[in-house]
Amino acid sequence: MASPSLICDAEQWKDLKAHVSDIQTTHLRDLMNDVERCKSMMVEHDGIVLDYSRQRAHQDTMAKLFELAEAAHLREKIDRMYNGEHINSTENRSVLHVALRAPRDKVICSDGKNVVPDVWSVLDKIKEFSERVRSGSWVGATGKPLKDVVSVGIGGSFLGPLFVHTALQTDPEAAKCAKGRQLRFLANVDPIDVARNLTGLDPETTLVVVVSKTFTTAETMLNARTLREWISSSLGPQAVAKHMVAVSTNLAFVEEFGIDPANAFAFWDWVGGRYSVCSAVGVLPLSLQYGFSVVQKFLSGASSIDDHFYSTPFEENIPVLLGLLSVWNVTFLGYPARAILPYSQALEKFAPHIQQVSMESNGKGVSIDGIPLPFETGEIDFGEPGTNGQHSFYQLIHQGRVIPCDFIGIIKSQQPVYLKGEIVSNHDELMSNFFAQPDALAYGKTPEQLLSEKVHNHLIPHKTFSGNRPSLSLLLPSLTAYNVGQLLAIYEHRIAVEGFIWGINSFDQWGVELGKSLANQVRKQLHQSRTKGKPVEGFNFSTTTLLTKFLEVNPGVPSDTTVLPEI
């Protein structure tokens, strides 16, 4: 049997490597003057426009990237994912987040079984339960309606749902459905996060959703026990069954915790945490806040992109184009970072979510066959809504390191404001910057232009902008629940494309395990030092010194004492 090969050994890869020198001799000022090139780099689907004409690429570049996709068997890998094959080979699992938002009559199989009926069984259960809570037919232990929800989870159980919640808060339809209700997310094991999330809440009117597939996640379960104590100390232990529900597959642990297993909502091994927002992980808390009908529109938007990604030729396929351009920027042009810049405050939590999806998926150093990679993979993702980011880190983007940028704009604002006498509306002011910034990055400003403007000579080096800095623009028609689902799925599939090209496993996350195992050792030491007075042992000098200082200054409280945040 032939040994596994790396994509960098392919002739198409080497061809692209050689092509880099051609691109280095061009400037975006010149590329943007080629109208036919620009036309070829604009794609529209279902109201979304992608403009990638400000990438450091021309038609030959794209042709070579499509050839690389063929060499990497991208089409076959997408098919294998949709067919439920175990493409997550290190964990021997299918990767089927597309099934979470599939229509009821769709057939998507894992291990020979159509999983879509199971998905809809959980969705129907969420719809029924959320409607009971929202209507007041499900009440708390004292008979009061449950109008406030705290979702307890971390990582993918937190970032994705928080992004969607934040995006929907100011959507008129969603906001109307959420009137009089609150949704909060408790993720960090830091007691400050507990205090902040419980401030102003009444246990009598609060429902807690504990999200943990195994019901063993250390941070989540400690936070869950803290909120259980908060409820029990106020309403009695019997109140837990009325005020806490679970998103988990470990029904035995759910029941042992004190939650009725009938109030546990399932998800499956073929759902990775960072891809789980369309499962009960996100759908349950979001449905409690906004109603199932709004969340179903979000799922439909994601499903529409799933179909587009699966069936559209690569030349017109938005996630494929984005993924290929990321590979081009990271691995061939050597740009390690990407800025995600939504010109909508409603998308303020989008970059943190994609940061996890991207960096946890593609932050790998070996191929899917375990071979060390001689090239860079993964992007360093960060971002902030415009125009806030312009007054934060755009200085570096314009005159420091080259960082490819994703500009995301919305044609119709969720909350338009018009002031009499103003030249433009508030949204037009925002979008003026959305349209201007990509050109500023592409064209820059030359010393000759500055001289013609009579800028003093000593300031010319400081006011010169080199330009030639790549970006792309995504323009969405609006930001409804449907559009939020579209945006999520575009980025999920883009990230998968990158991993498929690089030949890595984008669906495991072994890198998060080592720190957790070392934390277990520290946890045992802290317990022994606090309860038995044992000195710090078994650590290096640095850790021993810091742990000792921590124990000296913060002696803790007896283990049989309960202290809750002062809120």
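Structure report, in brief. Keep in mind it's a predicted model, so treat the numbers as computed, not measured.

1. Observations regarding the packing of aromatic side chains
Note on aromatic pairs: each is described by the distance of the centres and the angle between the planes. Evaluation of the coordinates by the stated rule reveals 18 aromatic pairs. Measuring from ring centre to ring centre gives 5.0 Å for W268 and W270, while their planes differ by 0°; the resulting arrangement is stacked. Both residues of the pair, W268 and W270, belong to the buried class. Ring centres 5.0 Å apart and planes at 75° place the aromatic pair F434 and F435 in the edge-to-face group. Residue F435 is classed as partly exposed on the basis of its relative accessible area, which comes to 48%.

2. Some remarks on the environment of K524
For K524, the location among the structural elements is in helix α22 (residues 513-532). By relative accessible area, which is 58% here, K524 ends up exposed. As for K524 and M81, which are separated by 443 residues in sequence, their C-alpha atoms are 41 Å apart.

3. Concerning the packing of helix α5 (residues 74-82) against helix α14 (residues 292-311)
In the contact formed by α5 and α14, the axes pass within 10 Å of each other and the chain directions differ by 140°. Taken as axis vectors, α5 and α14 run oblique relative to one another. Contacts between α5 and α14 involve R75, I78, D79, M81 and Y82 on the former and, on the latter, D306, F309 and Y310. The residue makeup of the contact of α5 with α14, split by class, is 5 nonpolar, no polar and 3 charged.

4. Considerations on the side chain of N362
Here N362 is to be found in helix α16 (residues 350-362). Classification of N362 by relative accessible area gives buried; the value is 0%. Side-chain polar atoms of N362 contact the backbone oxygen of I495, separated by 3.1 Å.

5. Remarks on the nonpolar core
Membership of the largest hydrophobic core comes to 127 residues, with the highest contact counts inside it found for F298 and L474. It is helix α21 (residues 481-502) that contributes the most residues to this core, 13 residues altogether. In this structure, F298 is in contact with V164, V277, C278, A481, Y482, V484, G485 and L488, ignoring residues within four places of it in sequence. L186, V208, V210 and A264 belong to the second largest nonpolar core, which has 23 residues in total.

6. Here's the deal with the sheet that holds strand β1 (residues 42-45)
With mixed pairing, 6 strands are arranged side by side in an open sheet as β1-β2-β13-β12-β10-β11. Since the sheet does not close on itself, it has two edges, and those belong to β1 and β11 (380-383), each with one partner. When the angles between neighbouring strand axes are averaged without regard to direction, this sheet yields 15°. Across 4 bridges, strand β10 (residues 337-342) lies against strand β12 (residues 405-410) in parallel orientation. Across the sheet, residue L341 finds its bridge partner in β12, namely F407. Contacts from helix α18 (residues 426-443) reach β12 and β13 (471-476) within the one sheet, and its direction differs from that of β12 by about 155°.

7. Describing unusual backbone geometry
Of note, the amide linkage connecting G386 to T387 takes the cis form, showing an omega dihedral of 10°. In this fold, T387 is placed in the loop between β11 and α17 (394-399). Even without a glycine there, the phi angle at H73 is positive, about 60°. Topologically, H73 is positioned in the loop between α4 (59-71) and α5. We note that N468 has phi near 60°; this positive angle belongs to a residue other than glycine.

Here is what the cut-offs are and how they apply
- Residues numbered from 1 in each chain as written.
- Predicted model: local features only at pLDDT ≥ 70, side-chain atom pairs only at ≥ 80, totals over all residues.
- Heavy atoms only, no water.
- Phe/Tyr/Trp six-rings, centres within 6.5 Å; stacked < 30°, edge-to-face > 60°.
- Buried < 20%, exposed > 50% of the residue type's maximum accessible area, 1.4 Å probe, protein only.
- Helix = DSSP H or I, 4+ residues; strand = E, 2+ residues; numbered from the N terminus.
- Axes fitted to C-alpha atoms, helices over the stretch in contact; angles between N-to-C directions.
- Parallel < 35°, antiparallel > 145°, perpendicular 65-115°, else oblique.
- Contact = heavy atoms within 4.5 Å.
- Nonpolar A, V, L, I, M, F, W, Y, C, P; charged D, E, K, R; others polar.
- Polar contact = N/O pair within 3.5 Å; in protein donor to acceptor, adjacent residues only side chain to side chain.
- Core = buried A, V, L, I, M, F, W, Y, C linked by side-chain atoms within 4.5 Å.
- Pairing = 2+ DSSP bridges.

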